[in-house]
Amino acid sequence: MDWRLIESDAALRQLLDQAAGCEAVIVDTEFMRRNTFYPQVALLQLCFASGPAADCAWLIDPLTIEDTSGLAALLGNKDVLKVLHSASEDLEVFQRWLGVLPQPLFDTQRAAALLDIGFGLGYAALVQEICNVELPKGETRSDWLQRPLTDAQCEYAAQDVSWLLQVWHELHPRAAARGKLEWILADGADATAAMGNGLNSYFQRIKTAWKLSPRQLGSLVALCEWREQTARKRDKPRSWIIDDKACLQLAQCNPESYAAMRDTVELPPPALRRYSEELLQVLARQRAVPDKELPQRLPAPLNARQRDLLKKMKAQIREIAGSLESAPEALLQGKDYELLLRDAIGETVVVPAHWQGWRQQRVIEPLRRYLVDII
């Protein structure tokens, strides 16, 4: 398939006019993310499924485009299916760059898992499986922000959407015939909704946070929120601000002075100099929070019997997956098993959005009935 590089607003408008009314667009991005919080968009690849703009891979240079409103309208147009592979990082790109998330979304990696072709397949592996073509890897680590782009880079980028078009032509009718098209689109909607919500629960990723008292946990939550805001403002990775270990130590030790912070928390000297005053303010505000407004302690890790129940749940989900002809990992995320178990034994849990819809009827309720029998 031929490719064309779009490097002006006028050329982009012409392309989007030609693509009007297309049923689906294949989408990919190239971006860099080395020393920044946000991905730096370097290239957008589009391939249209029908119409005058079809039969070509369009490479849009975001470094030369000023008016992105047409691209935002395309991605937000609910009459045009957006086809991506493993879309999570691309969603970050679009949210930051265009202020819009692609809907409706058909993720070919998710489709492959729900059709039991394979779970977590990379793009090259899926193309190999569906098209029996081995894609080159020569530009995988290319500097996509360099200009001018080389022909080798453009060829590589074009193949990311031209072969994905062929994959979609195979997966879409297969999913429709097996009644799974709505499953794939629902999972795409869940992915964009989760990205759009921008919920910050990073503190839950810190493994020993369950040991903290409510007061300490409130401090950890506040510290993680402060770090998130600071990282976004400075566009730097979280760990470049302060790392998880320092967040935990600050919450545990609750220092009230620069000297106490220096002596009890493992902060690099530059971070201590730059952020000590802000961190002390965060901790001081948390000390003033009334007890009744503090978060509940996080649950302790599962005990031996509960871990055994978890194994039985995973065996049961394999049976359910077999009956649905889907990869087990596509039905439930790893953390879902523990949430379901805690819910079944009477603990309060926040029900994830992806437990609704098709998954509720086909997966969640059968597993809940199974838990009633074994607990």
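Residues numbered from 1 in each chain as written. Predicted model: local features only at pLDDT ≥ 70, side-chain atom pairs only at ≥ 80, totals over all residues. Heavy atoms only, no water.

**Some words on the nonpolar core**
Moving on, step 1. In this structure, Leu46, Phe48 and Phe106 are the most contacted members of the largest nonpolar core, which totals 94 residues.
Moving on, step 2. When residues in this core are grouped by element, the largest group, eleven residues, is from helix 6 (residues 151-177).
Moving on, step 3. When residues no more than four places from it in sequence are discounted, the contact partners of Leu46 are Val25, Ile26, Val27, Cys56, Ala57, Trp58, Ile60, Leu71, Leu74 and Val161.
Moving on, step 4. Judged by nonpolar contacts, the second largest core, of 32 residues, contains Leu220, Ala246, Val265 and Leu279. (Core = buried A, V, L, I, M, F, W, Y, C linked by side-chain atoms within 4.5 Å. Buried < 20%, exposed > 50% of the residue type's maximum accessible area, 1.4 Å probe, protein only. Helix = DSSP H or I, 4+ residues; strand = E, 2+ residues; numbered from the N terminus. Contact = heavy atoms within 4.5 Å.)

**Re the packing of aromatic side chains**
Moving on, step 1. Summed over the entire model, instances satisfying the criterion amount to four aromatic pairs.
Moving on, step 2. Taking 6.0 Å as the distance between ring centres and 35 degrees as the angle between the ring planes, the aromatic pair formed by Trp144 and Tyr156 counts as tilted. Taken together, the residues span a long stretch of sequence, with Trp144 in the loop between helix 5 (123-131) and helix 6 and Tyr156 in helix 6 at a distance of twelve residues. Neither Trp144 nor Tyr156 differs from the other in exposure class; each is buried.
Moving on, step 3. Between the aromatic rings of Trp183 and Trp358, the centroid separation amounts to 4.2 Å while the plane-to-plane angle is 5 degrees, which identifies the pairing as stacked. Residue Trp183 is found in helix 7 (residues 181-197), and its partner Trp358 is found in helix 16 (residues 357-374); the two are separated by 175 residues along the sequence. With respect to burial, Trp183 and Trp358 carry one shared label: buried. (Phe/Tyr/Trp six-rings, centres within 6.5 Å; stacked < 30°, edge-to-face > 60°.)

**Thoughts on the sheet that holds strand 6 (residues 105-107)**
Moving on, step 1. Taken together, six strands build an open sheet; the order of strands is 1-4-3-2-5-6 and the sheet is mixed. Each having just a single partner strand, strand 1 (2-6) and strand 6 make up the two edges of the open sheet. Going across the sheet, the axis of each strand differs from the next one's by a mean of 25 degrees, ignoring polarity.
Moving on, step 2. Along the sheet face, helix 2 (residues 69-76) touches strand 2 (24-32), strand 3 (40-48), strand 4 (56-60) and strand 5 (81-84) and points at about 60 degrees away from the line of strand 3. (Pairing = 2+ DSSP bridges. Axes fitted to C-alpha atoms, helices over the stretch in contact; angles between N-to-C directions.)

**Description of the environment of Gln216**
Moving on, step 1. Take Gln216: it is sitting in helix 8 (residues 214-234).
Moving on, step 2. Taking relative accessible area as the criterion, Gln216 reaches 22% and is therefore assigned partly exposed.
Moving on, step 3. In sequence terms Gln216 and Gln306 are 90 residues apart; their C-alpha atoms lie 27 Å from each other.

**Here we look at helix 10 (residues 244-253)**
Moving on, step 1. Residues of helix 10 that are buried: Ala246, Cys247, Leu248, Gln249, Leu250 and Ala251.
Moving on, step 2. Where helix 10 is buried, its residues meet helix 8, helix 11 (258-264) and helix 12 (269-287).
Moving on, step 3. The backbone nitrogen of Lys245 lies 3.3 Å from a side-chain oxygen of the residue at the head of helix 10, namely Asp243.
Moving on, step 4. With its phi angle positive at about 50 degrees, Asn254 sits one or two positions after the end of helix 10. (Polar contact = N/O pair within 3.5 Å; in protein donor to acceptor, adjacent residues only side chain to side chain.)

**Quick word on the state of the cysteines**
Moving on, step 1. Here the structure, examined in full by the defined rule, presents zero disulfides.
Moving on, step 2. Not part of a disulfide, Cys131 finds its nearest cysteine sulfur in Cys47, a span of 12 Å. (Disulfide = S-S within 2.5 Å.)

**Brief notes about the packing of helix 15 (residues 334-344) against helix 16**
Moving on, step 1. For the pair helix 15 and helix 16, the least separation of the axes is 10 Å and the interaxial angle reads 50 degrees. Relative to helix 16, the element helix 15 is oriented oblique. The interaxial crossing formed by helix 15 with helix 16 has right-handed handedness. Along the contact surface, helix 15 presents Leu340, Leu341, Asp343 and Ala344, while helix 16 presents Ile364, Leu367, Arg368 and Leu371. (Parallel < 35°, antiparallel > 145°, perpendicular 65-115°, else oblique. Left-handed = near helix turned anticlockwise from the far one by under 90°.)

**Quick look at the packing of helix 5 against helix 6**
Moving on, step 1. Between helix 5 and helix 6, the shortest axis-to-axis distance is 10 Å and the interhelical angle comes to 55 degrees. Viewed along their axes, helix 5 and helix 6 adopt a mutual orientation that is oblique. In this structure, helix 5 crosses over helix 6, and the sense of that crossing is left-handed. Residues Tyr123, Leu126, Val127, Ile130 and Cys131 of helix 5 pack against Gln159, Asp160, Val161, Trp163, Leu164, Gln166, Val167, Glu170, Leu171 and Arg174 of helix 6.

**Here's the deal with the side chain of Lys82**
Moving on, step 1. Along the chain, Lys82 falls in strand 5.
Moving on, step 2. An unpaired buried charge is present at Lys82: no salt bridge exists, and Asp79, the closest side chain of opposite charge, is 8.6 Å distant.
Moving on, step 3. If we ignore the near neighbours within four places in the chain, the residues touching Lys82 are Val25, Val27, Leu74, Leu75, Gly76, Asn77, Pro102, Gln103, Pro104, Leu105 and Phe106. (Lys, Arg positive; Asp, Glu negative; His and termini not counted. Salt bridge = Lys/Arg side-chain N within 4 Å of Asp/Glu carboxyl O.)

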